[in-house]
Amino acid sequence: MFVDSHCHLSFPELLSQLPQIREAMAAAQVDRALCICTTLEEFEDVHALAMGYDNFWASAGVHPDNEGIAEPTVDKLLELAARPRVVGIGETGLDYYDMEGRKGGREVSDMEWQRERFRTHIRAARTCGKPLIIHTRSASDDTVAILREEGEDGSAGAAGGVFHCFTETMEVARAALDLGFHISFSGILTFKTAADLREVAKFVPLDRMLIETDSPYLAPVPYRGKVNNPSYVPYVARQIAQLRGLSVEAVGELTSRNFEALFSGIQS
Ligand SMILES: [Zn+2]
Ligand SMILES: [Zn+2]
């Protein structure tokens, strides 16, 4: 009934617990998950999950925060995207959060390599027709501008995709929706401090909404601060259900249908 549209089950803290996590998923009616790739080096581990279990799928991409790793080319991404059970390109995007602490005091102008890497992913996605999984933090203006420049404005030939783990403003949500993208909410939606984000979740059309854990990070209340896993995604659905006056089952169903529509490669 529930789909976790974004998780990192290849990370050691989750992979080492996989049998227990799969049991917990079944008990919580989380019947499918998309395993997200963050480096080329990690791809085979992510892909092995998708090949090993018929309710897991994989993406191919390099996260904007990762440095000192193999840089993807369009050809390399296309080669990986052509492998069986790879249904999306990402996660990719831009992350300018805490330039002082996390980026060694570099400036946004020094992040051209991130913007180039993002363009590489967009070009690959548009060539293979698979949707983009977009990570954007403190960088929404550039994210939206680059998508538009690369032709991802919802017009014919657009790959489309999802703004994952959405934490941005209503204005950014509107821009993403205007570009034809879906919006995915994580456990952050359940945090006490996320009142503004809950307003966004009241606004996003029900046919453009996904849910995710982004596990092992960002466990929803009541597990906040613990290691997250896909079996907790119903807590995100429950929060949306409360906000929209729906049953949790209805949110599980509609986000599952949206997942199937966006990641149409899961059908093949
Ligand atoms: Zn992310
Ligand atoms: Zn992620």
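Basis of the calculations
Residues numbered from 1 in each chain as written. Chains lettered and ligands numbered in written order. Predicted model: local features only at pLDDT ≥ 70, side-chain atom pairs only at ≥ 80, totals over all residues. Heavy atoms only, no water. Helix = DSSP H or I, 4+ residues; strand = E, 2+ residues; numbered from the N terminus. Buried < 20%, exposed > 50% of the residue type's maximum accessible area, 1.4 Å probe, protein only. Contact = heavy atoms within 4.5 Å. Lys, Arg positive; Asp, Glu negative; His and termini not counted. Charge placed at Lys NZ, Arg CZ, Asp CG, Glu CD. Salt bridge = Lys/Arg side-chain N within 4 Å of Asp/Glu carboxyl O. Pairing = 2+ DSSP bridges. Right-handed = clockwise from strand over helix to strand, strands pointing away. Donors = N, O, S within 2.8 Å, 3.2 Å for Na, K, Ca; no water. Core = buried A, V, L, I, M, F, W, Y, C linked by side-chain atoms within 4.5 Å. Phe/Tyr/Trp six-rings, centres within 6.5 Å; stacked < 30°, edge-to-face > 60°. Lys NZ or Arg CZ within 6 Å of the ring centre and 35° of its normal.

Draft legend 1. How the structure looks around the overall build of the chain. Of regular secondary structure, the chain possesses 11 helices and 8 strands. Dimensions of the chain, computed from C-alpha atoms along their principal axes, come out at roughly 45 × 40 × 40 Å. In the chain, which comprises 268 residues, the proportion classed as buried is 56%. Considering only intrachain contacts with a sequence separation of at least 6, the fraction spanning at least 24 residues in the chain is 72%. For the chain, the distance from the average site of its 26 positive side-chain charges to the average site of its 39 negative ones is 4 Å.

Draft legend 2. Local environment of the side chain of Thr38. If you trace the backbone, Thr38 turns up in the loop between β2 (30–35) and α3 (43–52). Given the relative accessible area of 8%, Thr38 is considered buried. Ignoring any residue separated from it by four or fewer positions in sequence, one finds Thr38 in contact with His8, Phe11, Gly61, Val62, His63, Asn66 and Glu91.

Draft legend 3. Spotlight on the pattern of salt bridges. Applying the stated criterion across every chain yields a total of 19 salt bridges. Arg32 serves as the salt-bridge partner of Glu260, at 2.9 Å between the closest nitrogen and oxygen. In this pair, Glu260 is assigned in helix α11 (residues 248–262) and Arg32 in strand β2, connecting sequence segments 228 residues apart. There is no split in this pair, since Glu260 and Arg32 are both buried. Its salt-bridge partner being Asp65, residue Arg102 comes within 2.5 Å of it at the nearest N-O pair. Here the residue Arg102 occupies a position in helix α5 (residues 99–102), and Asp65 occupies one in the loop between β3 (56–60) and α4 (74–81), the gap between them amounting to 37 residues. What you see here is one network of salt bridges that share partners, running through Asp31, Arg32, Glu253, Arg257 and Glu260.

Draft legend 4. Just the pairing of strand β7 (residues 182–185), in detail. Side chains His182 and Ser184 of β7 all project onto a buried face; the interleaved residues Ile183 and Phe185 project onto the opposite face, where all are buried too. The sheet contact formed by strand β6 (residues 161–163) and β7 spans 2 bridges and is parallel. Looking across to β7, one finds that Val162 is bridged to His182. Read as a crossover between parallel neighbours, the route from β6 over helix α8 (residues 170–178) to β7 is right-handed. Pairing of β7 with strand β8 (residues 209–211), which is carried by 3 bridges, proceeds in the parallel orientation.

Draft legend 5. Layout of the coordination of the zinc ion (ligand 1). Surrounding the zinc ion (ligand 1) are the protein donor atoms Glu91 (OE), His135 (ND1) and His164 (NE2), which sit 2.0 to 2.1 Å from the metal. The two metals, the zinc ion (ligand 1) and the zinc ion (ligand 2), are separated by 3.5 Å and share Glu91 as a common coordinating residue. With Glu91 in strand β4 (residues 86–95) and His164 in the loop between β6 and α8, this residue pair connects regions lying 73 residues apart in the sequence. Across this residue pair, the class does not change: Glu91 and His164 are buried.

Draft legend 6. A look at the nonpolar core. Leu9, Leu147, Phe166 and Phe185 are the most contacted members of the largest nonpolar core, which totals 66 residues. When neighbours within four sequence positions are excluded, Phe185 is seen to be in contact with Phe166, Leu197, Val200, Ala201, Val204, Met209, Leu210, Ile211, Glu212, Val236 and Ile240. If you look at the next biggest cluster of nonpolar residues, it comprises 12 residues, including Val3, Phe259, Phe263 and Ile266.

Draft legend 7. Spotlight on the packing of aromatic side chains. This structure, assessed with the given rule, holds 8 aromatic pairs. Seen from their ring centres, Phe163 and Phe181 are 5.5 Å apart, and the 80° between their planes marks the pair as edge-to-face. Within this pair, whereas Phe163 is found in strand β6, its partner Phe181 is found in the loop between α8 and β7, the two being separated by 18 residues in sequence. Linked through ring pairs, Tyr223, Tyr232 and Tyr235 together constitute an aromatic cluster. The ring of Phe56 has Arg22 sitting right over it, with the charged end atom 4.8 Å from the ring centre. Here the basic side chain of Arg224 rests over the ring of Phe191, its NZ or CZ set 3.6 Å away from the ring centre.

Draft legend 8. The environment of Thr167, seen in detail. Position of Thr167 relative to the elements: it lies in the loop between β6 and α8. Overall, Thr167 belongs to the partly exposed group, its relative accessible area being 38%. It is 8.9 Å that separates the C-alpha atoms of Thr167 and Ser186, two residues lying 19 residues apart in sequence. Contacts of Thr167, omitting those with residues within four sequence positions, involve Ile188 and Leu197.

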